[in-house]
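Now for the letters of each chain:
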Amino acid sequence: MCVIEERPVIETQRLTLRAPAKADVDRVAAFCVDHDVARMTTRMPAPYTRGHAEDFVARCGTQDRARDNTFAIELADEGLIGVIGLFTTPEDRVELGYWIGRPYWGRGYATEATRSALEWARSAWRKRYVVAGHFADNEASGRVLVKAGFLYTGVVEHKPSIARGEPAATRMMVWLA
Ligand SMILES: CC(C)(COP(=O)(O)OP(=O)(O)OC[C@H]1O[C@@H](n2cnc3c(N)ncnc32)[C@H](O)[C@@H]1OP(=O)(O)O)[C@@H](O)C(=O)NCCC(=O)NCCS
C-alpha cells in the first residue's frame, strides 16, 4: 500500500495541478456548459449548471485519495483552465480523465498536464499502469493520449455519455509506467 499526500500539488513547466477549491466553481461552470466539452466525457451532466460545479468541487474534497485524485489544472494569472483526474474503477484499474476549457485548446496544456499526472502516478502513487479511453470521434484526445505515451489496446467499448444520452464507441488505451 502506498500512502500519498492528503492534497498533492504537481508543478509542470507552465501549469500547477492542485486540489479543486470553492473559488474554482465559476470557471468550472463556465467551461463545462460548453456542449463540446461535456459530450466528449462519460459523466459530465448536460446542460451543466453552477450547482453541478459546486457538487463537483465538494465531491473532490471528500475523495479517498488512495483511490481517486482529481486535480484542477491551473495556469498562472488565469486560474483554473481544466481538470484532470485519476480514478480507481470498480475493476480496480486506475483510469485517467480530463478536460480543458475551450479558450485554452490547442496549446499543449492537456498533453503537459497528462504527462505530469502520469509521472506523479508512477513515482508518488506507485501505479504500474493507467488506462484511458476516448470516444472514437474525439481525435484530439486520442492525440493527447498518444503524445503522453498511451498505446491503443485494440479494444473498443461502448461507454455511456450523459451529455449524448446514449453510449459511444470508446477506443481503449493503456500506459505502462
Ligand atoms: C481533448 C482536449 C483535452 C485537448 O486539449 P488541448 O489542451 O487542446 O490538447 P493539446 O493541445 O495538448 O493536444 C491536442 C492535439 O490534438 C490535435 N487536434 C486538435 N483537434 C483535432 C481534431 N479535430 N482532429 C485531430 N486532431 C486534433 C492537436 O493538433 C494536438 O495534436 P498535435 O500536438 O499532434 O498537433 C480538449 O479539446 C477538451 O477538453 N475537449 C473536451 C473534453 C474532452 O475531450 N476530454 C477528454 C475525454 S477522453
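Before any of the text, the structure's been laid out above.
The structure displayed is predicted, hence computed values, not measured ones. (Residues numbered from 1 in each chain as written. Predicted model: local features only at pLDDT ≥ 70, side-chain atom pairs only at ≥ 80, totals over all residues. Heavy atoms only, no water.)

Caption draft 1: Just unusual backbone geometry, in detail. Geometrically, the link from Ala46 to Pro47 is a cis peptide bond, its omega value of 0° lying close to zero. Positionally, Pro47 belongs in the loop between helix 2 (35–38) and helix 3 (50–61). In this model, Asp77 sits at a positive phi of 70°, which is unusual for a non-glycine residue. Assessed through its relative accessible area of 86%, Asp77 is described here as exposed. A positive phi angle, close to 60°, is found at Arg126, a residue other than glycine. Mapped onto the fold, Arg126 is located in the loop between helix 4 (109–123) and strand 6 (129–135). (Helix = DSSP H or I, 4+ residues; strand = E, 2+ residues; numbered from the N terminus. Buried < 20%, exposed > 50% of the residue type's maximum accessible area, 1.4 Å probe, protein only.)

Caption draft 2: Seen up close, helix 5 (residues 139–147). Residues of helix 5 that are buried include every one of Ser141, Gly142, Val144 and Leu145, and no others. Along the axis of helix 5, the buried positions cluster into a sector of 160°, meaning they face one direction only. In helix 5, those exposed residues whose orientation departs by more than 90 degrees from the buried face are Glu139 and Ala140. One or two positions beyond helix 5, positive phi appears at Gly149, with a value near 105°. (Arc of directions from axis to C-beta.)

Caption draft 3: Geometry of the site of the ligand. Around the ligand lies a shell of 22 residues, among which Gly106, Thr111, Asn138, Arg143 and Lys147 are the nearest. In this structure, an oxygen atom belonging to the ligand sits 2.7 Å away from a side-chain N or O atom of Asn138. Contact with the protein chains hides 71% of the accessible area of the ligand, taken as 960 Å² for the molecule alone. Those elements that place two or more of their residues in the shell around the ligand are helix 2, strand 5 (94–100), helix 4, strand 6 and helix 5. In terms of residue count, the dominant contributor to the shell around the ligand is helix 5 (six residues). Taken together, the residues of the shell around the ligand break down into ten nonpolar, seven polar and five charged. (Near = heavy atom within 4 Å. Polar contact = N/O pair within 3.5 Å; in protein donor to acceptor, adjacent residues only side chain to side chain. Areas by Shrake-Rupley, 256 points an atom, 1.4 Å probe, with all protein chains shown as cover. Nonpolar A, V, L, I, M, F, W, Y, C, P; charged D, E, K, R; others polar.)

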